[in-house]
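Summary of structural features
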Amino acid sequence: MYIEQQKILDGTDGGLKIILHYYPQAERALERKGTKFKLRASEKTASATLKQLSDGNWVVTDFGGDQKPKNGILVVMEEEGLEFKEALELLAARYGFDGQEPPEILKPEITTREAKAEENEGEWYFEVREGFTELEVTTVLADKAIPYQKDDQGKKIINWEKIEKVFKRYHFHSLISYSIVKNRKVITISATDRYPIFMWDEGSFKKIYQPLSPDKGRRFMYYGKRDKDFLHGLSACHMAYESLQEGEDIDEETGEVRSKKKKKLPEIVYCSGGSDGMNVAMIGYQVVWPNSETAKLSDKQFKSLAKLADKVMNMPDIDHTGLREAHRLAMEHLDLYNVMLPAELRERPDKRGNPSKDVRDYLKYHTYYDFKQLVKTALPYRFWDEIYYEDKAGNWRSKFEVKNTRLYNFLTKNGFFRLQNKNEKQGFIYIQIKDNIVREIEVNEVKTHVHRFLEEQYVDEDLRDVFFRSTQLKEASMSNLPMTEVDFSDFDRDRQFFFFENKTVEVSKSGIRVHKLGEIKRYVWEDEVIKHRYKEQEPHFKISKNEDGDWHIDILKKDNIFLNFLINTSRTHWRTELEDNLEGLSPDAQKAYKKKHLFDIAGENLSPEEKREQMHQLVNKIYVLGYLLHRYKDPSRPWAIWTMDHRISDEGESHGGSGKSIAMGAVSRFMKSVTLRGRDPKMTENPHMYDRVTIHTDYILVDDANQYLKFDVFFSDITGNMIVNPKNNKSYEIPYEESPKFAFSSNFPLRNIDSSVLRRVLYCVFSDYYHENKDGYFRESRNPREEFGKNILGPDYTDDDWNDFYNFMIQCCEFYLNHGKIDPPMENVEKRNLLSEMGTAFHEWADTYFSDRMNEDVVKKYAMEDFIRSTNTKWTSQKFTKAMRAWARYYGYELDPEEFKNSSGRIIRKIQEDGHPTSVEMIYIRNTAASSPAGGEQIPITPGNDKLLPGSQTDVFDKF
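Residues numbered from 1 in each chain as written. Predicted model: local features only at pLDDT ≥ 70, side-chain atom pairs only at ≥ 80, totals over all residues. Heavy atoms only, no water.

Secondary structure summary: the protein contains 30 helices and 40 strands in total. For a compact globule of 960 residues, the expected C-alpha radius of gyration is about 30 Å, and the protein comes in at 40 Å, more than 25% above that figure. Projected onto its principal axes, the C-alpha coordinates of the protein cover approximately 150 × 80 × 70 Å. For the protein, the proportion of contacts with a sequence separation of at least 24, taken over those separated by at least 6, is 68%. Distance between charge centres in the protein, computed from 143 positive and 159 negative side chains, equals 3 Å. (Helix = DSSP H or I, 4+ residues; strand = E, 2+ residues; numbered from the N terminus. Rg over C-alpha atoms; globule rule 2.2 N^0.38 Å. Contact = heavy atoms within 4.5 Å. Lys, Arg positive; Asp, Glu negative; His and termini not counted. Charge placed at Lys NZ, Arg CZ, Asp CG, Glu CD.)

Structure, rendered in structure tokens:
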């Protein structure tokens with residue numbers, strides 16, 4: 001069933017009920033006009049507005065997001081992740097609206113017959129209607145452009161005489177039908193009561209217009225010799241000009257005809273197309289428009305129009321393309337006036353839900369008198385006038401005069417503004433905006449721009465001297481440049497923007513969109529632009545889950561150096577695949593396999609489980625990189641990245657060279673970052689540790705973190721506001737939402753892991769595929785430089801290599817936005833953490849001490865005394881217990897089974913000590929794989945003889 005969007009909006013108070021359903025906090029904006037509210041709990045400052053349009057519909061605009069006004073239906077589409085039709089169906093069900101039959105697809109009536117002898121092959125025939133129908137008028141003209149008059153009874157009716165007069169002037173006709181002779185068949189396309197067809201008859205060619213055609217490419221058709229440089233309406237302008245010249249200027253005394261200066265039309269409006277042209281002509285203006293969307297107003301055409309009118313005015317659309325073309329024309333024709341539609345028009349969705357953009361949309365809501373004010377205030381880019389005067393000697397001379405308002409208009413149209421900056425004495429800085437790129441400038445650069453422009457225009461020397469002498473380019477005058485607000489947010493909850501030299505890339509859950517520069521209203525400082533000319537590529541990988549919930553990845557692009565590097569750093573079973581499973585093969589066969597599977601995450605020599613684990617490792621890396629690239633700080637995802645080696649080693653043993661720093665350093669290519677030297681043992685004691693961090697820093701990499709790094713020092717900086725204490729300056733606070741994300745690369749696991757650590761960490765594990773052959777542990781050394789023939793992300797990268805890298809990373813960001821947390825396979829991560837937690841000395845001691853003490857009671861204090869004596873350490877009971885837990889978990893043993901514990905959570909036994917029964921705490925290591933010791937009598941326990949034989953379980957518990 002079809003549901004009309006306006007019916008839903010009308011039935012929900014213009015969509016207000018829908019908006020308040022999703023954003024109840026917006027109600028405060030109803031109480032006080034202009035009040036802003038928060039759409040996200042994480043926002044420090046409210047940035048959304050609620051506004052009612054003149055048609056009664058409400059829109060919400062998220063200035064901290066995409067800045068596009070959204071009515072109730074668009075809000076549902078965004079919040080529910082629905083398509084337009086699905087959103088209408090949801091709202092109809094929620095608010096009880098009935099659907100209608102789907103609207104009929106409008107189309108002309110098409111008939112075919114045999115051609116007559118006199119009907120020539122390839123000829124077209126036109127049947128023109130006398131006058132116009134009301135449907136035709138309302139199809140072409142906006143509501144406020146239709147002329148009305150009052151009849152004899154005072155009733156408002158359409159002024160048909162004016163409509164036909166204006167349409168006739170521009171050779172605009174209504175067609176009953178047009179026919180084409182093809183293959184001796186006459187195909188006739190006829191208008192219907194609901195499907196009008198029009199034609200501009202320009203003599204040498206005819207342009208057919210079908211405004212309701214569902215096929216946009218068939219709305220315009222041409223017959224005859226089409227002239228792309230033809231100006232529609234030009235003949236009408238000539239006729240209007242000639243009519244001004246009618247009548248003779250006769251001297252009343254002598255009766256002689258006096259020569260007189262030619263009169264000019266007040267203005268000619270250059271429109272973007274015929275629809276706009278018809279609307280502007282109907283409200284009383286002389287108009288012209290090009291014959292195609294690609295045609296440009298040439299210098300010859302402009303001069304011909306300037307001879308006819310005092311002002312030649314451009315009437316551009318206010319979408320990105322229209323404004324860009326308007327600027328280009330104005331720079332070419334400095335005397336061309338720009339009639340600028342108000343930016344608020346884009347807040348009104350058209351019938352397709354897109355922002356309104358043209359004069360026909362404008363005249364739906366505004367009258368002729370409103371349009372007249374736009375014409376009145378239009379300005380050209382020429383910012384000077386040449387004034388002619390008669391000197392005392394009676395000679396005519398000229399001088400140049402600076403036009404300040406036009407000068408400021410010219411400068412703003414070329415991107416010069418003031419931007420608020422509270423750190424500056426005057427409270428602002430000067431900037432220039434070009435496309436999406438913003439750079440801070442000195443005021444003298446504005447002057448330089450003007451002088452360079454005049455030089456390039458080859459203007460008169462006297463004019464250039466005027467501006468060299470003028471005070472209008474000094475700072476006192478330039479401080480009149482308008483202030484502007486610039487949205488530097490390059491992300492929101494669901495999107496991330498990347499700014500390249502030639503493109504802006506938008507990444508969201510729904511995909512990757514590439515925009516031309518200046519096409520979207522998001523901005524970036526010049527020094528943050530990625531120095532690369534981006535070319536979009538097809539996906540480099542495809543990730544899915546199988547029926548068992550395991551990750552599966554297909555590599556679609558085989559020659560991406562960085563992706564292949566990550567593949568090899570994820571090959572945790574490379575020794576099994578490339579060494580163990582190749583033994584017995586000939587050297588040639590081994591070499592052939594290695595060459596074939598040089599960059600293979602799932603080689604055929606691996607078991608299904610080994611392939612699954614390696615794929616999981618790679619998916620985790622892709623997810624981690626995507627997380628770091630998305631600069632939105634989600635309070636529910638307050639993670640720091642901890643990269644570590646997969647290979648399990650004793651505490652204190654460092655390997656390195658696995659590629660962690662290269663992978664984590666890659667993120668710095670996209671944003672402002674700071675690297676901290678993690679090897680420095682006193683780094684966390686430095687009060688100026690964040691000396692180089694600013695409000696613009698997006699990423700902090702603690703590289704090569706040492707074994708004893710105090711990770712808890714970073715807790716508040718990872719999950720809360722960050723305090724920056726610069727040297728020789730006052731400390732300041734960076735809000736959580738604007739603070740950088742953290743990554744740590746280390747050859748060591750984290751220490752002292754508890755719930756506070758776990759909720760702040762997302763692990764990323766690297767295999768030892770790349771390694772140094774330290775102490776002969778491996779058969780060879782392997783590094784990326786030798787394998788790829790160049791350094792990863794190094795100076796010998798080609799443009800294609802960089803393009804592969806940037807496309808891959810952007811695709812990582814898209815993957816991240818679509819998934820929840822993806823840890824690596826955690827078995828080895830947990831084992832390395834447990835090794836770190838217990839320490840080498842305890843590990844070695846416990847392996848020996850408990851080798852024959854499984855599945856039996858062991859006196860805890862005697863065990864601890866033995867450990868301290870054997871290792872010459874000083875540990876507390878709490879630290880000893882923590883190490884015991886880690887050791888038991890490392891081997892999969894059960895420490896102190898629950899059924900043996902008392903109400904205090906401990907195992908207590910009575911033993912004979914120095915001839916007296918004593919209650920002591922026990923340790924019990926349950927290893928289900930070991931055989932249970934034989935039972936026997938309880939024997940006296942003394943230091944050095946601490947092995948207990950279990951007695952009856954009925955009397956050993958002493959419950960206090």
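Here we come to the sheet that holds strand β30 (residues 640-645). The sheet built from five strands is open, its strands ordered β31-β32-β35-β30-β36 with parallel pairing. Two strands in the sheet have a free side with no partner beyond their single neighbour: β31 (673-677) and β36 (761-766). Ignoring which end each strand starts from, the neighbouring axes of this sheet average 20° apart. The pairing of strand β32 (residues 699-705) with strand β35 (residues 741-746) spans five bridges and is parallel. When the sheet's bridge partners are listed, Ala 705 is paired in β35 with Ser 746. (Pairing = 2+ DSSP bridges. Axes fitted to C-alpha atoms, helices over the stretch in contact; angles between N-to-C directions.)

Moving on to the environment of Lys 144. Mapped onto the elements, Lys 144 comes out in the loop between α6 (134-140) and β5 (148-150). Overall, the relative accessible area of 37% leaves Lys 144 in the partly exposed class. Put simply, Lys 144 and His 366 are 222 residues apart on the chain and 6.6 Å apart in space, counted from C-alpha to C-alpha. Beyond its immediate chain neighbours, meaning those up to four positions away, Lys 144 contacts Ile 283, Leu 363, Lys 364, Tyr 365, His 366 and Thr 367. At 3.3 Å, the side chain of Lys 144 and the backbone oxygen of Lys 364 are in polar contact. (Buried < 20%, exposed > 50% of the residue type's maximum accessible area, 1.4 Å probe, protein only. Polar contact = N/O pair within 3.5 Å; in protein donor to acceptor, adjacent residues only side chain to side chain.)

Here Ala 663 is to be found in helix α22 (residues 660-665). Here the alpha-carbon distance between Ala 663 and Gly 203, two residues 460 residues apart in the chain, equals 68 Å. Here Ala 663 is in contact with Phe 562, Phe 565, Leu 566, Leu 625 and Phe 766, once residues within four sequence places are set aside.

Where helix α21 (residues 608-629) contacts helix α26 (residues 799-817), the two axes come as close as 7 Å, and the packing angle between them is 90°. Judged by the inter-axis angle, α21 sits roughly perpendicular to α26. Here Val 619, Ile 622, Tyr 623, Leu 625, Gly 626, Tyr 627 and Leu 629 of α21 lie close against α26, whose contacting residues are Phe 808, Met 809, Cys 812, Cys 813, Phe 815 and Tyr 816. Residues of the contact of α21 with α26, tallied by class, amount to 12 nonpolar, one polar and no charged. (Parallel < 35°, antiparallel > 145°, perpendicular 65-115°, else oblique. Nonpolar A, V, L, I, M, F, W, Y, C, P; charged D, E, K, R; others polar.)

A word on the pairing of strand β18 (residues 396-402). Looking at chain direction, strand β17 (residues 384-390) and β18 are connected through seven bridges and run antiparallel. Bridged to Glu 386 within β18 is Phe 400.

Although it is not a glycine, Asp 13 adopts a positive phi angle of roughly 55°. Considering the arrangement of structural elements, one finds Asp 13 in the loop between α1 (5-10) and α2 (16-22). Overall, the relative accessible area of 45% leaves Asp 13 in the partly exposed class. For Asn 855, which is not a glycine, the phi torsion comes out positive at approximately 60°. Classification of Asn 855 as buried rests on a relative accessible area of 8%.

For the pair helix α14 (residues 404-413) and helix α15 (residues 443-456), interaxial distance at closest approach is 12 Å and the crossing angle is 95°. It follows that α14 is roughly perpendicular to α15 by the angle criterion. In this structure, α14 contributes Leu 407, Phe 410 and Leu 411 to the contact, and α15 contributes Val 446, His 449, Val 450 and Phe 453. Of the residues belonging to the contact of α14 with α15, the class tally is six nonpolar, one polar and no charged.

What follows concerns the sheet that holds strand β26 (residues 511-516). Across the sheet, which stays open at both edges, the four strands sit in the order β23-β24-β25-β26 with antiparallel pairing between neighbours. Two strands bound the open sheet, and with one partner strand each, they are β23 (491-492) and β26. For strand β25 (residues 503-508) and β26, the ladder comprises six bridges, and the chain directions are antiparallel. Directly across from Val 505, in β26, lies its bridge partner Val 514. Contacts from α26 reach β24 (495-499), β25 and β26 within the one sheet, and its direction differs from that of β25 by about 25°.

Before going further, it helps to examine the pairing of strand β10 (residues 205-209). Within β10, five of the five residues are buried, which leaves it mostly tucked inside the rest of the structure. What you see with β10 is no split at all: Phe 205, Lys 207 and Tyr 209 on one side and Lys 206 and Ile 208 on the other are buried throughout. By the bridge criterion, four bridges tie strand β9 (residues 198-201) to β10 in an arrangement that is antiparallel. Paired with Phe 198 across the bridge in β10 is Tyr 209.

For Lys 162, the location among the structural elements is in helix α7 (residues 160-169). Other than its neighbours up to four places away in sequence, Lys 162 contacts Pro 147 and Met 282.

Moving on: the pattern of salt bridges. Scanning the model with the defined rule gives 46 salt bridges in all. The salt bridge partner of Lys 901 is Glu 898, with a shortest N-O separation of 3.2 Å. Ionic contacts of the salt-bridge type, sharing partners, join the residues Asp 487, Asp 492, Arg 495, Glu 506, Arg 513 and Arg 522 into one network. (Salt bridge = Lys/Arg side-chain N within 4 Å of Asp/Glu carboxyl O.)

What follows is about the nonpolar core. Judged by nonpolar contacts, the single largest core of 65 residues is most densely connected at Phe 498, Ile 553, Phe 562, Met 664, Phe 670, Phe 808 and Met 809. With residues up to four places along the chain from it excluded, the contact list for Met 809 reads Phe 562, Leu 625, Leu 629, Ala 666, Val 667 and Phe 670. Val 137, Ala 145, Met 313 and Phe 371 belong to the second largest nonpolar core, which has 41 residues in total. (Core = buried A, V, L, I, M, F, W, Y, C linked by side-chain atoms within 4.5 Å.)

Another aspect to go through is the side chain of Gln 472. One can find Gln 472 in the loop between α16 (461-469) and α17 (475-478). Here Gln 472 is in contact with Val 402, Asn 404, Leu 407, Ser 477 and Met 478, once residues within four sequence places are set aside.

Our next topic: the side chain of Asn 279. Tracing the sequence through the fold places Asn 279 in helix α9 (residues 274-282). Residue classification places Asn 279 among the buried residues on the basis of a relative accessible area of 0%. Those residues in contact with Asn 279 that lie beyond four places of it in its chain are Val 140, Leu 141, Ala 142, Ala 145, Arg 360 and Leu 363.

Let us look at a negative patch on the surface. The grouping of Glu 386, Asp 460, Glu 461 and Asp 462 at the surface amounts to a negative patch. With respect to the helices, strands and loops of the structure, Glu 461 is situated in helix α16. The class for Glu 461 is exposed, based on a relative accessible area of 58%. (Patch = residues over 30% accessible without salt bridge, like charges linked within 9 Å, V, L, I, M, F, W, Y side chains within 5 Å. Areas by Shrake-Rupley, 256 points an atom, 1.4 Å probe, with all protein chains shown as cover.)

The predicted model of the protein has a mean per-residue pLDDT of 87, with 92% of residues at 70 or higher. Low confidence marks residues 931-960, where pLDDT is under 50. Its contacts with residues over four positions away, or in another chain, come to 47 contacts. (pLDDT = per-residue confidence, 0-100.)

The next thing to look at is the packing of aromatic side chains. Any two aromatic rings considered together are summarised by their centre-to-centre distance and by the angle between their planes. Scanning all chains against the criterion turns up 77 aromatic pairs. In this structure, Arg 782 is placed above the aromatic ring of Tyr 769, and the distance from its NZ or CZ to the ring centre is 4.2 Å. Against the face of Phe 900 rests Arg 909, its NZ or CZ located 5.9 Å from the ring centre. (Phe/Tyr/Trp six-rings, centres within 6.5 Å; stacked < 30°, edge-to-face > 60°. Lys NZ or Arg CZ within 6 Å of the ring centre and 35° of its normal.)

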